[in-house]
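# Analysis of the macromolecular model
Read off the chains here:
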Amino acid sequence: MLPNDRGYRFSGVESSRKVHDLRAELTSEKKDPRQQRKKIAMKKVVANMTMGNDMSPLFQEVIACMSIPDLEVKKMVYLFLINYARARAEIANLAVNGFEDDLNDPNPLVRAMAIRTMGYIYVERVIESLIDPLRHCLRDRDPYVRKTAAMAVLKLSMFDRSLVEEERFLDMLKDLLADGNPSVVANAVAALTEISERSPHIKLKLNMKIANKLITALNECNEWGQIYILESLMYVVPQDSSDAETIIERIMPRLQHGNSGVVLVSVKVISYMMNYVSQVETLEPILRKLSPPLVTLLTAGPEVQYITLRNIQLLLQRWPTILQNQLRAFFCKYDDPIYVKLAKLEVILSLTTEDNARVVLTELTEYATEIDIDFVRKAVRSIGRIAIKIELAADRCVRALLDLIQTKVNYVVQEAIVVIRDIFRKYPNRYESIIGTLCENLGSLDESEARAAMIWIIGQYADRIDNSDEVLGTFLESFLDDTAEVQLALLTAIVKLFIMRPTAGQDLVPKVLKWATEDVDSPDIRDRGFIYWRLLSTDPELARTIVLSDKPEITAEGERLDMPLLEELLLQIGTLSSIYRKPPSTFIPFAKKRVLGV
Amino acid sequence: MLSAVFIYNQKGEVLISRLYRHDVKRSVADVFRVHVISSPAAVVRSPVTTLGSTSFHHIRYDNLWLCAVTKNNASAAMVFEFLYRLLGLGVSYFGRFDEEAVKNNFVLIYELLDEVLDFGYPQNMEVDTLKLYVTTESVRSSRSVAADAAAAPQSITMQATGATTWRRNDIAYKKNEAFVDVIESVNLILSAKGTVLRADVQGQIVMRSFLSGMPECKFGLNDKLVLERDGGGGGGGGASAPAAGGMGRRLGGTGGVGDGESVEIADCQFHQCVRLGRFDTDRTISFIPPDGEFELMRYRTTENVNLPFKVLPVVRELGKTRIEYEVLIKSNFSAKLSATNMAVAIPTPPNATKCRIKVTGAGAGKAKYHPEDNAMVWRIARFQGLQELSLTAVVDLAPTTKPVPWSRPPISLNFQVLMFTASGLLVRFLKVFEKSNYQSVKWVRYMTKAGSYEIRI
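It should be emphasised that the depicted structure is a prediction, and the values quoted were computed from it without experimental measurement. (Residues numbered from 1 in each chain as written. Chains lettered and ligands numbered in written order. Predicted model: local features only at pLDDT ≥ 70, side-chain atom pairs only at ≥ 80, totals over all residues. Heavy atoms only, no water.)

The helix and strand inventory of chain B stands at nine helices and 24 strands. Considering chain B as a whole, with its 457 residues, one finds that 57% of them fall into the buried category. The long-range fraction of contacts in chain B, counting pairs at least 24 apart against all pairs at least 6 apart in sequence, stands at 71%. Carbon and sulfur atoms make up 52% of the accessible area of chain B, which totals about 18,700 Å². (Helix = DSSP H or I, 4+ residues; strand = E, 2+ residues; numbered from the N terminus. Buried < 20%, exposed > 50% of the residue type's maximum accessible area, 1.4 Å probe, protein only. Contact = heavy atoms within 4.5 Å. Areas by Shrake-Rupley, 256 points an atom, 1.4 Å probe, with all protein chains shown as cover.)

Have a look at this one:
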């Protein structure tokens, strides 16, 4: 029941009038036996707060409502305090008495609410008056109060870390790990984990005894509590392989949980523990058990699918045997969101082998005719990468690419040319027959990468393309307007042409060298221009060996992560870091670096 | 952990704003609006947006945006599960969760948000427990809320923190009943050449339990692993193939093992009430159910999928001005059963101008061209088992100066077939044990519907 659905935005004047009116309502002396008027007034205050109107001038009147014996009103007052107490510290102090009454209320819900709310209010005086009651609440007979108190310790530590240590709250939290109530254990674990994560000198380390106790508590916990406990297992350093195997075996059943958060954090712990398993034979059955739950997560909401796919990609790089024979589960549905499609494409590529290359290729060709440009490009690029990754499939890939070029769809053609260049590099002297077809599309190349790729191809095969000098000459006309990438490619290609067919290149070379060294700003291009110039003028034979030397082989693994990064990311499965493929420290200021074995 | 939760309407106006941590200010709500809601990009490229060290996780529902903000390296899956669950709470509390419901119940939503997250850590999100103590009069009064308004606080806190947070211990029914719905979504990608590229079934077992006390339930399926282990013997009695006639089938009290088929379940996931340890050791599904409706489990099968429909499409592009379609659909289930609410969407190019459509076969329904969807939609009210229907169409295209590439999206089907499971899954038994030893009646229904049933052309 918003007071006024339409009159959302207030000007300053209106806003202050609103405050004035509400003040009148909150302090009204009219008969209000069931507190209905005050309740409605408070609702209006909350509604205004939501809209971003400053209600803090009403602080005093709102605090006066704390004494109203109505839970709903109390909750609204608390919400108000959480929102404004920090800005109006001097008045927040007025609330302390009210809190103290609530902390002694016989109703555990009221006690818990008071402790929960006080923890949110980072005002010296409120926090001070929280300390003693908090100690009692951590030992309250009611578990609901204890679990709330555990969280309040964490809140306190974010306000003042040293306070928590001086007042021995950490020890009390540790005691709660042995609490008989699962929700209390879970919140205590969560609080301890975050405190250690943020503290420069506290380091959480759990031994096997505690780990086993926590795992036993898992069965009793609700889904969120399970996540906190599983998360804490990342702080167990197993002493030997059997420790690790025990933990893996005991948390394996969690993979069947309906909450994807539970599943992914279990995968994280299992993947972490696998590092400590000594026998390779022990790993295989574990890996086999990991696959089906991962595929099942692809039936969850698209957001969870996306997270899963990004993580599967990491797991696959580390443990290439998972998800064997699961390729088809990653085929894109027409109406998958684009981020899911793009992530699936990466997984498909990783799962491609000699045996299934043909199926994959048919599938990718299908994607290459879809609408989303990014997706189509990535599909085309993937075809090229398969050609490079799997030699036996190369012929078929090249044919598929040529078919795609025939569609004349501009961005498809350009993307195809880029990957064909890589195929030429990987398999020299095998596919030159298609150059003619490529050259039919010269006119449509308007992207730097595609132009540079085409120029590279022509330069590389300058001696076999009859009119290579003409083609390069045409490109050269717009040399000064092109990007550095294209200029560099053109410079090299023309030098190659000249070395292979001196007569055909003799007009072009001086032109390109002069432009490259005199009219281009890029130092790279200028330097290379000078080097070529001197090489050609001093020792043509040497120039030949250098310019036409064998190229280092390229692989399809360009997007693989290097091992240290991969290992770091595997310790972060299911988190943002795993999605972005960046260690947490790159985007979270306080994040501790976590490496294996420490 | 979550630093804030915002709910926006379609335009990006903040309807609910709750901050949990001091590392964000209310103004971050505007950051998300500017960068995501009002972003000119037509399609959202990622469900998570990180700007600096602030990450916004969002889902969309109806005309709402639900957004959770984190400042740490959050467990993204957990954050999204939280948002899905928050949505579920909204639907359960208000019947519908849309802008109007949010505006009408904002005080209650703030109460819920204060309860379900503490310092950004999800706490209890079980609707049954929450309804015990988070209530206001604007909630539609339902039976349980009214009865429990006066519940003692101690019993509430035990409930909210105990080992079975999803169930109260004082539930009583005159008649103890449980209804089990097996709902399968069959997914298919068929290539233009008619090869099955991918076929799988996502099953969902939804239970509605109206059982007194704290009932211990044991649930049995024709799970291949279980039947093989038990020697596959038994025979007679118990479960039999879902047969035609009637909307449901009563389950025998002591389900014997049906002979016949068993199903290879690739994987399954359970509601948190199911004891995962038990399932892991001997594949027993045992649990104390929540009261009322809940999703007991989800499962996936990939082997021997019974595709309810075969579709044979022929699409010929005749020059640049015309396309001919012939689509033949055959139903592949018992003649005693039938599919209902069937809709076949057959895509047409964007430059289609006219469609001449003809459908043949008994009860072949109607097909109509929907230019706004670039498709012909063929609706068939009832499609009998072992039947064949066909559609032929000639589509005229407007001449274009430049060739318009047409991505030929797949034909897609929508349907539901009662008393049929594409996986072959059957419920063998549901046993209920309660200390008062009451009799209970159990019912089971089966339904298969189209998940994403795509036939490429």
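So much for the structure itself; the text now carries on.
A few words now on the overall build of chain A. Counting its regular elements, chain A contains 33 helices and zero strands. Dimensions of chain A, computed from C-alpha atoms along their principal axes, come out at roughly 105 × 70 × 45 Å. Burial statistics for chain A: of 598 residues in total, 61% are counted as buried. When the accessible surface of chain A is split by element, carbon and sulfur atoms take 49% of a total near 24,800 Å². Side chains of chain A give 75 positive and 82 negative charges; the mean places of these two sets differ by 6 Å. (Lys, Arg positive; Asp, Glu negative; His and termini not counted. Charge placed at Lys NZ, Arg CZ, Asp CG, Glu CD.)

Residue and element names in this part refer to chain B. One open sheet accounts for three strands, arranged 13-10-23; its pairing is antiparallel. Of all strands in the sheet, those bounded by a partner on one side alone are strand 13 (285-287) and strand 23 (427-433). Here the average twist between neighbouring strands, direction ignored, is 15 degrees. The sheet contact formed by strand 10 (residues 216-221) and strand 13 spans three bridges and is antiparallel. When the sheet's bridge partners are listed, Phe219 is paired in strand 13 with Ile285. (Pairing = 2+ DSSP bridges. Axes fitted to C-alpha atoms, helices over the stretch in contact; angles between N-to-C directions.)

This part takes up the interface of chain B and chain A. The interface of chain B with chain A comprises 96 residues on the first partner and 102 residues on the second. Applying the counting criterion to the chain B and chain A interface returns nine salt bridges. Among the salt bridges present, the one from B:Asp118 reaches A:Lys155, with a minimum N-O distance of 2.8 Å. Between the two partners, chain B and chain A, sit 47 residue pairs in polar contact (both at pLDDT 80 or more). Of the residues assigned to the side of chain B that touches chain A, the class counts are 43 nonpolar, 31 polar and 22 charged. (Salt bridge = Lys/Arg side-chain N within 4 Å of Asp/Glu carboxyl O. Polar contact = N/O pair within 3.5 Å; in protein donor to acceptor, adjacent residues only side chain to side chain. Nonpolar A, V, L, I, M, F, W, Y, C, P; charged D, E, K, R; others polar.)

It is worth spelling out the pairing of strand 3 (residues 48-51) of chain B at this point. Residues and elements named next belong to chain B. With four bridges connecting them, strand 3 and strand 4 (residues 54-61) associate as antiparallel partners. Bridging across to strand 4, Thr50 finds its partner in Ser55. Where strand 3 hands over to strand 4, the hairpin turn is made up of two residues, of which Gly52 adopts a positive phi near 65 degrees.

What follows concerns the pairing of strand 5 (residues 64-70) of chain B. All names here are of chain B. A large share of strand 5 lies buried, amounting to seven of its seven residues. Of the pairings in the sheet, the one linking strand 1 (residues 2-9) to strand 5 comprises seven bridges and is antiparallel in character. Counted as the bridge partner of Ala4 is Val69 from strand 5. In terms of strand pairing, strand 4 meets strand 5 through seven bridges, oriented antiparallel.

Attention now goes to the UniProt feature "domain: Clathrin/coatomer adaptor adaptin-like N-terminal" (unreviewed entry) in chain A. Residues given the UniProt feature "domain: Clathrin/coatomer adaptor adaptin-like N-terminal" (unreviewed entry) here are residues 18-539 of chain A. Structurally, residues 18-539 of chain A is divided into 69% helix and 0% strand, and its ends, taken at the C-alpha atoms, are 88 Å apart. (UniProt positions renumbered as here; feature names shortened; annotations may be inferred.)

Next up on the list: the packing of helix 19 (residues 338-351) of chain A against helix 21 (residues 373-389) of chain A. Residue and element names in this part refer to chain A. In the contact formed by helix 19 and helix 21, the axes pass within 10 Å of each other and the chain directions differ by 5 degrees. When the interaxial angle is binned, helix 19 and helix 21 end up roughly parallel. Between helix 19, through Ile338, Lys341, Leu342, Leu345, Glu346, Leu349 and Ser350, and helix 21, the contact on the second element is made entirely by Asp374, Phe375, Lys378, Ala379, Ser382, Arg385, Ile386 and Lys389. Of the residues that constitute the contact of helix 19 with helix 21, the class distribution is seven nonpolar, two polar and six charged. (Parallel < 35°, antiparallel > 145°, perpendicular 65-115°, else oblique.)

This brings us to the confidence of the model for chain B. All names here are of chain B. On average, residues of chain B carry a pLDDT of 87, and 90% of them reach 70 or more. Below pLDDT 50 for its whole length, residues 138-150 participates in 14 contacts with residues either more than four positions away or in separate chains. In the model, residues 233-247 has pLDDT below 50 throughout and makes 26 contacts with residues more than four positions away in sequence or in other chains. (pLDDT = per-residue confidence, 0-100.)

We now examine helix 1 (residues 28-37) of chain B. All names here are of chain B. Turning to helix 1, its buried residues number three or more, namely Val28, Ala29, Phe32, Val36 and Ile37. Down the axis of helix 1, the buried set is contained in an arc of 120 degrees. They therefore lie on one face. Looking at the buried side of helix 1, the elements it contacts are strand 1, strand 2 (14-19), strand 3, strand 4 and strand 5. (Arc of directions from axis to C-beta.)

The general pattern is negative phi for most residues beyond glycine and trans for most peptide bonds. Its identity is not glycine, yet A:Leu323 carries a phi of approximately 65 degrees, on the positive side. Relative to the helices and strands, A:Leu323 resides in the loop between helix 18 (302-318) and helix 19. With a relative accessible area of 1%, A:Leu323 lands in the buried category. Non-glycine residue B:Asp62 carries a positive phi angle of around 50 degrees. With respect to the element layout, B:Asp62 can be found in the loop between strand 4 and strand 5. Residue B:Asp62 is classed as partly exposed on the basis of its relative accessible area of 43%.

Attention now moves to the environment of B:Gln154. In this fold, B:Gln154 is placed in helix 7 (residues 153-161). For B:Gln154, a relative accessible area of 37% puts it in the partly exposed group. With residues near it in sequence (within four places) discarded, B:Gln154 still touches A:Pro106, A:Pro108 and A:Asp142.

Formed by 291 residues in total, the largest nonpolar core has its most connected members in A:Leu81, A:Leu134, A:Leu173, A:Phe330, A:Phe424 and B:Phe82. Examining the composition of this core, we find that 12 residues originate from one element, helix 2 (residues 76-94) of chain B, more than from any other. If we ignore the near neighbours within four places in the chain, the residues touching B:Phe82 are A:Trp224, B:Leu2, B:Val5, B:Val116, B:Leu117, B:Pro122 and B:Met125. Core analysis: the next-biggest nonpolar cluster, separate from the first, contains 78 residues, B:Met207, B:Val274, B:Leu296 and B:Tyr453 among them. (Core = buried A, V, L, I, M, F, W, Y, C linked by side-chain atoms within 4.5 Å.)

So, about the packing of helix 2 (residues 36-50) of chain A against helix 4 (residues 71-84) of chain A. Residue and element names in this part refer to chain A. Packing of helix 2 against helix 4 brings their axes to within 10 Å, and their N-to-C directions diverge by 30 degrees. Comparing the axis directions of helix 2 and helix 4 gives the class roughly parallel. Remark: the crossing between helix 2 and helix 4 carries left-handed chirality. For the pair helix 2 and helix 4, contact is made by Lys39, Met42, Lys43, Val45, Val46 and Met49 and by Glu72, Val73, Met76, Val77, Leu79, Phe80, Asn83 and Tyr84, respectively. (Left-handed = near helix turned anticlockwise from the far one by under 90°.)

It is worth spelling out the pattern of salt bridges at this point. This structure, assessed with the given rule, holds 56 salt bridges over all chains. Taking the shortest distance from any N to any O, the salt bridge between A:Glu167 and A:Arg135 comes out at 3.0 Å. Placement of A:Glu167 in the loop between helix 10 (161-166) and helix 11 (169-176) and of A:Arg135 in helix 8 (residues 124-137) is noted, with a sequence separation of 32 residues between them. Its relative accessible area of 25% is what places A:Glu167 among the partly exposed residues. Accessibility expressed as a relative area gives 22% for A:Arg135, which makes it partly exposed. Among the salt bridges present, the one from B:Arg208 reaches B:Asp181, with a minimum N-O distance of 3.9 Å. Of the two residues, B:Arg208 sits in strand 9 (residues 196-210) while B:Asp181 sits in strand 8 (residues 177-190), which places them 27 residues apart along the sequence. With a relative accessible area of 23%, B:Arg208 lands in the partly exposed category. Linked through salt bridges whose partners overlap, the residues forming this network are A:Arg377, A:Arg381, A:Glu415, A:Glu447 and A:Glu449.

Inspection of the entire model under this criterion finds 29 aromatic pairs over all chains. Ring centres 6.4 Å apart and planes at 50 degrees place the aromatic pair A:Tyr120 and B:Phe119 in the tilted group. A residue pair is termed interchain when its members come from two chains, as with A:Tyr120 in helix 7 (residues 108-120) and B:Phe119 in the loop between strand 6 (117-118) and strand 7 (121-122). An aromatic cluster is present here, built from B:Phe309, B:Phe333, B:Phe383, B:Phe415, B:Phe420 and B:Tyr453 joined pairwise through their rings. (Phe/Tyr/Trp six-rings, centres within 6.5 Å; stacked < 30°, edge-to-face > 60°.)

All names here are of chain B. Here we have four strands laid out as an open sheet, ordered 15-16-21-18, and antiparallel in their pairing. Two strands bound the open sheet, and with one partner strand each, they are strand 15 (309-318) and strand 18 (352-360). Pairwise comparison of adjacent strand axes, ignoring direction, gives a mean angle of 15 degrees for this sheet. By the bridge criterion, 10 bridges tie strand 15 to strand 16 (residues 322-331) in an arrangement that is antiparallel. Note on strand 16: the bridge partner recorded for Phe309 is Ser331.

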